[in-house]
Amino acid sequence: MGAVDDWDFEAIEMAARRQALRVAARAVERRLNADTSDHAGPTAPCPCGVPARYAGRRAKAFESVLGSLRLERASYHCAACAAGVCPRDAALGLDGTSLSPAVTRMVGTVGAMVSFAEGHDLLHDLAGVDVPITHVERAAEALGREIAADEQRVIAPEPPSAPTMYLGVDGTGIPMRAAELAGRAGKQPDGSAKTREVKLVTVRTAEGRDPRRPPGPGPRLGHRLGRHRECRQSQRRRRALGVRAARGP
Ligand SMILES: [Zn+2]
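Residues numbered from 1 in each chain as written. Predicted model: local features only at pLDDT ≥ 70, side-chain atom pairs only at ≥ 80, totals over all residues.

Section: the pairing of strand E2 (residues 51-64)
Now for step 1: Sheet topology places strand E1 (residues 43-45) next to E2; three bridges connect them, and they run antiparallel. Along E2, the bridge assignment pairs Pro45 with Pro51.
Now for step 2: Turn length for the E1-E2 hairpin, with the two strands adjacent in sequence and antiparallel, is five residues, and the turn residue Gly49 shows positive phi of about 105 degrees.
Now for step 3: Direction of pairing for E2 relative to strand E3 (residues 67-78): antiparallel, over a ladder of ten bridges. Bridge pairing links Tyr54 to Tyr76 in E3.
Now for step 4: The hairpin formed by E2 and E3 contains two residues between the paired strands. (Pairing = 2+ DSSP bridges. Helix = DSSP H or I, 4+ residues; strand = E, 2+ residues; numbered from the N terminus.)

Thoughts on the nonpolar core
Nonpolar side chains tend toward joint burial in soluble globular proteins.
Now for step 1: Ranked by internal contacts, the top residues of the largest apolar core, which has 14 residues, are Val103, Met106, Val107, Val131, Val136, Ala139 and Ala140.
Now for step 2: Counting residues per element, the ones that place at least two in this core are helix H3 (101-111), helix H4 (116-127) and helix H5 (133-153).
Now for step 3: A total of five residues in this core trace back to one element, the largest contributor, which is H5.
Now for step 4: The next biggest cluster of nonpolar side chains, apart from the first, holds seven residues, and it includes Ala52, Tyr76, Val85 and Cys86. (Core = buried A, V, L, I, M, F, W, Y, C linked by C-beta atoms within 7 Å. Buried ≥ 20, exposed ≤ 12 C-beta atoms within 10 Å, placed from the backbone.)

Some words on the packing of H3 against H5
A packed helix pair is summarised by two numbers, namely the angle formed by the two axes and the spacing between the axes.
Now for step 1: The interhelical angle for the contact between H3 and H5, taken along N-to-C directions, is 85 degrees, at an axis separation of 9 Å. When the interaxial angle is binned, H3 and H5 end up roughly perpendicular. Contacts from Thr104, Val107, Gly108 and Gly111 of H3 reach H5 at Val136, Ala139, Ala140 and Leu143.
Now for step 2: Class assignment of the residues belonging to the contact of H3 with H5 gives a composition of five nonpolar, three polar and no charged. (Axes fitted to C-alpha atoms, helices over the stretch in contact; angles between N-to-C directions. Parallel < 35°, antiparallel > 145°, perpendicular 65-115°, else oblique. Contact = placed C-beta atoms within 7 Å. Nonpolar A, V, L, I, M, F, W, Y, C, P; charged D, E, K, R; others polar.)

Points about H4
Now for step 1: Across its twelve residues, H4 extends 16 Å between first and last C-alpha, which sits within 8% of the 16 Å expected from 1.5 Å per residue.
Now for step 2: Within the sequence span of H4, burial applies to Phe116, Gly119, His120 and Leu123. For H4, the buried positions fall inside an angular range of 105 degrees around the axis, keeping them on one side. Turned more than 90 degrees from where H4 packs its buried face, Ala117, Asp125 and Leu126 sit exposed. (Expected span 1.5 Å × (residues − 1). Arc of directions from axis to C-beta.)

Some remarks on the sheet that holds E1
Now for step 1: The four strands lie next to each other as E1-E2-E3-E4, forming an open sheet whose pairing is antiparallel. The open sheet has two free edges, formed respectively by E1 and strand E4 (83-85), since each of these has just one partner strand. The sheet shows a mean angle of 50 degrees between the axes of neighbouring strands, taken without regard to direction.
Now for step 2: Strand contacts of helix H1 (residues 9-34): E2 and E3, with the helix running at about 20 degrees to E3, the strand carrying the most contacts.

Examining unusual backbone geometry
Now for step 1: Not every positive phi belongs to a glycine, and Ala82 is a case in point at roughly 50 degrees.
Now for step 2: Its place among the elements puts Ala82 in the loop between E3 and E4.

Comments concerning the environment of Glu72
Now for step 1: Counting through the fold element by element, Glu72 comes out in strand E3.
Now for step 2: Judged by C-beta crowding, with 17 C-beta atoms within 10 Å, Glu72 ranks as partly exposed.
Now for step 3: For the pair Glu72 and Ala34, spaced 38 residues apart in sequence, the C-alpha separation works out to 9.0 Å.
Now for step 4: Not counting chain neighbours up to four residues away, the residues in contact with Glu72 comprise Asn33, Arg57, Arg58 and Ala59.

A word on the environment of Ala162
Now for step 1: Relative to the helices and strands, Ala162 is located in the loop between H5 and strand E5 (165-175).
Now for step 2: Residue classification places Ala162 among the partly exposed residues on the basis of 14 C-beta atoms within 10 Å.

A word on the packing of H3 against H4
Now for step 1: Here H3 crosses H4 at 130 degrees, and the two axes come no closer than 9 Å. The orientation of H3 relative to H4 falls into the category oblique. Between H3 and H4 lies a crossing of right-handed hand. Here Met106, Val107, Val110 and Gly111 of H3 come into contact with H4, specifically with Phe116, Gly119, Leu122, Leu123 and Ala127.
Now for step 2: Here the contact of H3 with H4 is built from residues that sort into seven nonpolar, two polar and no charged. (Left-handed = near helix turned anticlockwise from the far one by under 90°.)

Observations concerning the confidence of the model for the chain
Now for step 1: Mean pLDDT over the chain stands at 84; residues scoring 70 or higher make up 84%.
Now for step 2: Within the chain, the element-level pLDDT minimum falls on strand E7 (residues 220-225), averaging 44, and the maximum on E3, averaging 97.
Now for step 3: The low-confidence segment residues 220-235, where pLDDT is below 50, has 27 contacts with residues more than four positions distant or belonging to other chains.
Now for step 4: Long-range and interchain partners of residues 242-249, a stretch whose pLDDT sits below 50, account for nine contacts in this model, where long-range means more than four residues apart. (pLDDT = per-residue confidence, 0-100.)

Structure follows, in structure tokens:
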């Protein structure tokens, strides 16, 4: 029996990863803070069009996959917007967020699959990244809005998938939180409601029938939960985040 057989290997591998990430974080932080070329002069253009005035180097903490990074960036102040402008943030994909691009991607991935609280736990357990639940929620919502806007702007034409398509509509009750049911009449003995109705829409074709199978509805092209704003938003967000996660940089 060698001495290593007595190791708590899980504790050691986790501690080693923490240590390695800490060293890497300090190296990246040093490298970024050593480069002050983002101070390009007394003014920098603000997105509003007004030149913003240089206000010194300001430090801000960003959560990265290496851990927290304290980055010093040239900060400009726009009097018209009463807001700061940091060209370095824009260059590194850190504009308007405290999460690094890789952490933002992770948040998008977990946000599309599980609740924000579960996403927070997964990020902590799997990646050793500590992002407060509220930040997970905020970042996932912002990503969803960004992608929804992108989907509105960029419409890629697709050839018609079939000359005839069939629509099916049905309604079903889904359990809701008490807050969503306040003041709504329902079928409970006391007149309250436990569920609200969602509409399920199926879109399908009858083209390309497989001769080896009995006739029936063609492949389902897609379905969408409607009726409740909450449902639509949640579904779109999950779908959008999924798209972002799959799309790559
Ligand atoms: Zn401005």
